[in-house]
Amino acid sequence: MFLHAFLLLCVFKVKGEKANCQMIGNPEYPQLSKDGDVIIGGAFSIHSKITLQPVSFTEKPQRLICTSLNFREFRFVQTMIFAIDEINKSGLLPNISIGYKIFDSCGSTLASMRSAVGLINGQELTAHETCLGHSAVQAIIGESESSSTIVMSRATGPFKIPVISHFATCACLSNRKEYPSFFRTIPSDYYQSRALAQLVKYFGWTWVGAVRSDNDYGNNGMATFVEAAAKEGVCIEYNEAILRTNSKESIAKVVEIIKKGTAKVLVAFLAQNEMDVLLEEAFAQNVTGLQWVGSESWITARYLATETTSKVISSALGFTINKSKIPGLKDFLLKVHPSQIPSNSLLIEFWEVTFGCQFSPKTEGVKLCTGFEDLKGINNTFTDVSELRISNNVYKAVYAIAHALHNALACSADGNVNCTQTNLFLPGQVQESLQRVNFTIPSGERVYFNANGDPTAKYELVNWQKNLVGEINFVAVGYYDASLPADKQFVMNPVNIVWAGNSNMRPRSVCSTSCEPGYRQAQIKGRPPCCFACIQCPVGEISNETNSVECIRCPQEYWSNENHSLCVPKKVEFLSFDENMGILLTAVSLTGVSITIAVGLVFFYFRDTPLVKASNFELSLLLLFSLTLCFLCSLTFIGQPSEWSCKLRHTAFGITFALCMSCVLARTIAVVMAFKATMPGSSFPQCSVPVQRMSVFCCTLFQVIICILWLTLAPPVPQKNTVHYIDKIILECDLGSVIGFWAVLAYIGLLALLCFILAFLARKLPDNFNEAKLITFSMLIFCAVWITFIPAYVSSPGKFTVAVEIFAILASSFGLLFCIFVPKCYIIIFKPEKNTRKHLMGKANTKS
């Protein structure tokens, strides 16, 4: 069995070596051709539509029938022929002539595949020896659509035949792994889609509709646009796809969606053929008022910019490649005539369609073509060379191939060395040479390809604007250059833009109204990110931009204003002399000082009276002086805290009250000792004046020492309290050392407690001079005030803490002043008859 199979293989191998390579089926013939030493292929959508014959499956399918001559594509064809003729005359390839074979792909991937096979095989039915021969062409220019170009590139890729497209912009074609031999003279949609996203964002359109061609060009381009738009914060309301072969009903549904949409901007990423069918239906449904943003495929198509279509697409915007001028092309186009190739059906069809006549009328009433018609009187897409953009790409593609051939054949431009070995091109040789070309065309434009076979992405932003005679011009209003830094790629020109409806007012296309400063966007559940509600920022937070996504919390010492749009400094609060509470406390404090001075003057004036003498005049004046300081120290708590005032207020308060309590304690001790010593049989010593002075000095000195330690180790300092209130700052004095503060209070309390105990023990002394009762009552008031002060001080917020402390100081000071000195002043002034030694000693003698 194995031997039998081996013999069969040997027989087939021998037969295969002897047999010629034959074509299966009928060959494809070019629409236009010319012989040359080197042949360049061309594939253009010379016709826009095809007619497919029904397949019976009983006989071979008939050939495709292409209809609807496309004047723009036919101009591309003639531009390629013009460039080849120009190169043949220029001496770029000495002694080498370039020929061409141009096929009609009819805007169909099926026809593109047949064209690719025709360009690879040639038209011979049988190869001379084997199927290992060279391709019929060295390079191919085409196609005009991305899908057709993808088909052609995949077919020619294994043979390493370079394909240079003038109009295929799909970013997918930049993949060198899938399309290793593909080049193009038009930028990739990778850049155009991003440029469109930046354009939409620049004009503040965050809510747009989108329609695309349902092919590689539209799907890839729109996918890139949607991705870039999302990064720019732009939302797509709808994203519909159409194809020129779709039914009228499906096209109508897409137009209905566009018409019902709320977006006022429509991004149309469409090929020309899809644009044609969409415009036809949009015009039928009277779709107006939309701002169209177009891709380079149709934005500068002159045949679309008519009075009829402008009712639907008024003042469109879109990116296109830069326009250029090709000297001599206009004259070349005007010389196109059927007589150049009498039997060529394409030239005959072109002439008949252009002039609306026939060379051989098949029906009556049809105008007869004479051949003497003149293209100079025709103004159509074919003869219009005012906007040479894509035609210039064809021109550059032909020159790129010529320069690649020049390098591959080692030609000399000066003619001293002729090009040689044109029939010995190795597969991929032209492709490799094409990758390295770098030249400048006669118009001054530099031509080269990057590693992916793409040129530098540069676009013009054009705007459809009517001139004085009503014609639409493509006015450049900006540009996009991908080679520049990101922040400088998209720039607007200082040119007025005409908007939809020929208006001077830019349309507004948003899903939700912009959130003003002070508000933030809140996402609505189930809706795109561009649809949101505006919620005011909470207190303490702001948004200072329109359409802020989140609110910003103000710094610690700042607060939001009423509109929540700006952080303003918080109101600084402290007990000041200007407010009512400060004025009242100041008045009470000065009143206490005045009363104390008045009492001192009374004592000084009546210093020789028995009552004053009995009260220890010197100690009384010292007590009145300390009370005056107590009243005055309360003023240090009023006003804006500073470093010196914080240190002064607490130390002055502690020392003055310690002095005051020391005086009271000395008076109490003196009273007790005096009366104990005067009792019969008592050996209790009397308290002399030096002893009283020393006791006052020592008691006060101890408080001074406490205050010095406090100020040395952790002194009080001013601080901004932001804890109690979130909307304002309490300017207060930080105690520094809490222990120091409470030590000062505790020491004053200890002195007061000693005074109270001693005075209580002397409560049964004679009534006429029982000062101990007055001291007892004053100490009760003093202790009650300061005991209630502690919880009030701890719980009072802000400036009320200071007010409570001042109130305690004033209340306790008034308690001492009124309880100790007012009864004596009353006797001195109003009851002078009791201010006698006899009266003061009377009861004492009686009781003894």
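Bear in mind that the values here come from a model prediction, so they are computed numbers and not experimental data. (Residues numbered from 1 in each chain as written. Predicted model: local features only at pLDDT ≥ 70, side-chain atom pairs only at ≥ 80, totals over all residues. Heavy atoms only, no water.)

Novice: What exactly am I supposed to notice about the UniProt feature "transmembrane region" (unreviewed entry) in the protein here?
Specialist: The UniProt record marks residues 581-606, 618-639, 651-675, 696-717, 737-762, 774-794 and 806-829 with the feature "transmembrane region" (unreviewed entry), using the residue numbering of this structure. For residues 618-639, the end-to-end C-alpha separation is 35 Å, with 73% helix and 0% strand making up the annotated structure. (UniProt positions renumbered as here; feature names shortened; annotations may be inferred. Helix = DSSP H or I, 4+ residues; strand = E, 2+ residues; numbered from the N terminus.)

Novice: Can you walk me through the nonpolar core in this structure?
Specialist: In terms of nonpolar packing, the biggest core is built from 96 residues, with Phe44, Met80, Ile102, Trp205, Phe319 and Phe350 touching the most fellow members. Take this core: its biggest share by element is eleven residues, from helix α11 (residues 390-408). Dropping the residues within four chain positions of it, methionine 80 is found in contact with Ile40, Gly41, Gly42, Phe44, Tyr100, Ile102, Ile141, Val394 and Val398. Within the second largest apolar cluster, 64 residues are counted, among which are Phe637, Val664, Leu745 and Leu751. (Core = buried A, V, L, I, M, F, W, Y, C linked by side-chain atoms within 4.5 Å. Buried < 20%, exposed > 50% of the residue type's maximum accessible area, 1.4 Å probe, protein only. Contact = heavy atoms within 4.5 Å.)

Novice: How should I be thinking about the sheet that holds strand β9 (residues 207-213) in this particular structure?
Specialist: Either a parallel or an antiparallel arrangement is found when strands of a sheet pair, and the pairing is made through backbone hydrogen bonds. Ordered in space as β10-β9-β11-β12-β13-β16-β17-β18, the eight strands form an open sheet in which the pairing is mixed. Both edges of this open sheet fall to β10 (235-242) and β18 (490-492), since each of them pairs with a single strand only. Each adjacent strand pair in this sheet contributes to an overall mean axis angle of 25°, direction not counted. Bridge count for strand β12 (residues 291-294) against strand β13 (residues 317-320) is two bridges, and the pairing is parallel. Looking at β13, one finds that valine 293 is bridged to leucine 317. (Pairing = 2+ DSSP bridges. Axes fitted to C-alpha atoms, helices over the stretch in contact; angles between N-to-C directions.)

Novice: Just checking my understanding: could you explain the confidence of the model for the protein for this structure?
Specialist: Residues shown with low pLDDT carry predicted positions that ought not to be read at fine detail. Per-residue pLDDT for the protein averages 84, and the proportion of residues at 70 or more is 88%. When the elements of the protein are averaged for pLDDT, helix α1 (residues 2-18) gives the smallest value, 40, and strand β8 (residues 182-184) the largest, 96. Confidence drops under pLDDT 50 across residues 1-19; counting only partners more than four residues distant or on other chains, this segment forms one contact. For residues 681-685, every residue scores under 50 in pLDDT, and the model assigns this stretch seven contacts once sequence neighbours within four places are set aside. (pLDDT = per-residue confidence, 0-100.)

Novice: Just checking my understanding: could you explain the state of the cysteines for this structure?
Specialist: Linking two cysteines covalently through their sulfur atoms gives a disulfide. In this structure the tally under the stated criterion is nine disulfides. At a sulfur-sulfur separation of 2.0 Å, the disulfide partner of cysteine 554 is cysteine 567. Handedness here is read from the sign of the S-S torsion; for cysteine 554 and cysteine 567, about -90°, the answer is left-handed. Remark: cysteine 567 occurs in strand β24 (residues 567-569) and cysteine 554 occurs in the loop between β22 (552-553) and β23 (558-560); sequence separation between them is 13 residues. Two residues share a disulfide in this structure: cysteine 646 and cysteine 733, whose sulfurs sit 1.9 Å from each other. (Disulfide = S-S within 2.5 Å.)

Novice: Would you explain helix α8 (residues 272-284) in this entry?
Specialist: Each turn of an α-helix holds 3.6 residues, which means side chains three or four residues apart point in the same direction. For α8, spanning 13 residues, the distance from its first C-alpha to its last is 18 Å, which sits close to the expected 18 Å at 1.5 Å a residue. Buried within α8 we find Gln272, Asn273, Glu274, Met275, Leu278, Leu279, Glu281 and Ala282. On the buried face of α8, the contacting elements are β3 (47-51), α2 (71-90), β9, β10, α7 (248-260) and β12. Once α8 ends, the next one or two residues include asparagine 286, with phi positive near 55°. (Expected span 1.5 Å × (residues − 1).)

Novice: Which parts of the structure should I look at to understand the side chain of serine 105?
Specialist: Along the chain, serine 105 turns up in the loop between β5 (98-104) and α3 (109-121). Judged by its relative accessible area of 0%, serine 105 is buried. At 2.5 Å, the side chain of serine 105 forms a polar contact with the side chain of glutamate 143. If we skip the residues at most four places from it in the chain, serine 105 touches Phe44, Ser45, Ala111, Ser112, Ser115 and Glu143. (Polar contact = N/O pair within 3.5 Å; in protein donor to acceptor, adjacent residues only side chain to side chain.)

Novice: Help me out: how do you make sense of helix α15 (residues 617-633) in this one?
Specialist: For α15, with 17 residues, the first-to-last C-alpha span of 24 Å sits near the 24 Å given by 1.5 Å per residue. Along α15, the residues that are buried comprise Leu619, Ser620, Leu623, Leu624, Ser626, Leu627, Thr628, Cys630, Phe631 and Cys633.

Novice: Help me out: how do you make sense of the pattern of salt bridges in this one?
Specialist: Opposite charge on two side chains permits pairing when their charged atoms draw close. As enumerated under the stated definition, the model contains 17 salt bridges in all. With a shortest N-O distance of 3.5 Å, aspartate 85 and lysine 34 are connected by a salt bridge. Of this pair, aspartate 85 sits in helix α2 while lysine 34 sits in strand β1 (residues 32-34); the two residues are 51 residues apart in sequence, bridging distant segments of the chain. Using a relative accessible area of 19% as the deciding quantity, one classes aspartate 85 as buried. Owing to a relative accessible area of 36%, lysine 34 belongs among the partly exposed residues under this scheme. Between glutamate 573 and lysine 728 there is a salt bridge, with its nearest N and O atoms 2.9 Å apart. Note that glutamate 573 is positioned in strand β25 (residues 571-573) and lysine 728 in strand β27 (residues 728-734), a separation of 155 residues in sequence. On the accessibility criterion, lysine 728 (18% relative accessible area) is buried. Here the residues in one salt-bridge network are Lys323, Glu387, Arg389 and Glu460, joined through shared partners. (Salt bridge = Lys/Arg side-chain N within 4 Å of Asp/Glu carboxyl O.)

Novice: I'm lost on the sheet that holds strand β2 (residues 38-44) in this one. Help?
Specialist: Strand order across the open sheet formed by six strands is β1-β5-β2-β6-β7-β8, with mixed pairing between neighbours. The open sheet has two free edges, formed respectively by β1 and β8, since each of these has just one partner strand. Neighbour to neighbour, the strand axes of the sheet diverge by 25° on average, direction disregarded. Bridge count between β1 and β5: three bridges; the pairing is antiparallel. Paired with leucine 32 across the two strands is isoleucine 102, which belongs to β5. Its contacts with the sheet put α3 on β2, β5 and β6 (139-141), and the angle it makes with β5 is roughly 155°.

Novice: Even after reading the chapter, I still don't get the side chain of serine 548, so can you show me in this structure?
Specialist: In this fold, serine 548 is placed in the loop between β21 (541-542) and β22. Setting aside residues up to four positions removed in sequence, serine 548 forms contacts with Tyr519, Arg520, Gln521 and Ser543.

Novice: What am I meant to see in a nonpolar patch on the surface here?
Specialist: Taken together, the side chains of Met694, Phe697, Leu701, Ile705, Leu709 and Leu713 make up a nonpolar region of the molecular surface, amounting to roughly 630 Å² of accessible area. Position of isoleucine 705 among the secondary structure elements: in helix α17 (residues 689-713). Using a relative accessible area of 40% as the deciding quantity, one classes isoleucine 705 as partly exposed. (Patch = residues over 30% accessible without salt bridge, like charges linked within 9 Å, V, L, I, M, F, W, Y side chains within 5 Å. Areas by Shrake-Rupley, 256 points an atom, 1.4 Å probe, with all protein chains shown as cover.)

Novice: Is there a simple way to think about the packing of aromatic side chains in this case?
Specialist: Applying the stated rule across the entire model yields 33 aromatic pairs. Here the aromatic rings of phenylalanine 203 and tryptophan 499 are separated by 5.0 Å at their centres, their planes lie at 85°, and the arrangement is edge-to-face. Here phenylalanine 203, found in the loop between α5 (189-202) and β9, pairs with tryptophan 499, found in the loop between β18 and β19 (519-523); they are 296 residues apart in sequence, far enough to count as distant. The exposure class of tryptophan 499 is buried, given its relative accessible area of 6%. An aromatic cluster of at least three residues, connected via ring pairs, comprises Tyr202, Phe203, Trp205, Phe319, Tyr459, Tyr480, Phe490 and Trp499. The ring of phenylalanine 183 carries arginine 176 above its face, with NZ or CZ at 4.8 Å from the centroid. (Phe/Tyr/Trp six-rings, centres within 6.5 Å; stacked < 30°, edge-to-face > 60°. Lys NZ or Arg CZ within 6 Å of the ring centre and 35° of its normal.)

Novice: Before we go on, may I ask you to explain unusual backbone geometry in this structure?
Specialist: When glycine is set aside, most residues are seen to have a negative phi, and most peptide bonds are trans. Note the cis peptide between glycine 142 and glutamate 143, where omega equals -5°. By the element assignment, glutamate 143 lies in the loop between β6 and α4 (146-156). Non-glycine residue cysteine 106 carries a positive phi angle of around 55°. Take cysteine 106: it is sitting in the loop between β5 and α3. Exposure remark for cysteine 106: the relative accessible area of 2% places this residue in the buried category. Even without glycine at this site, asparagine 547 takes up a positive phi of about 60°.

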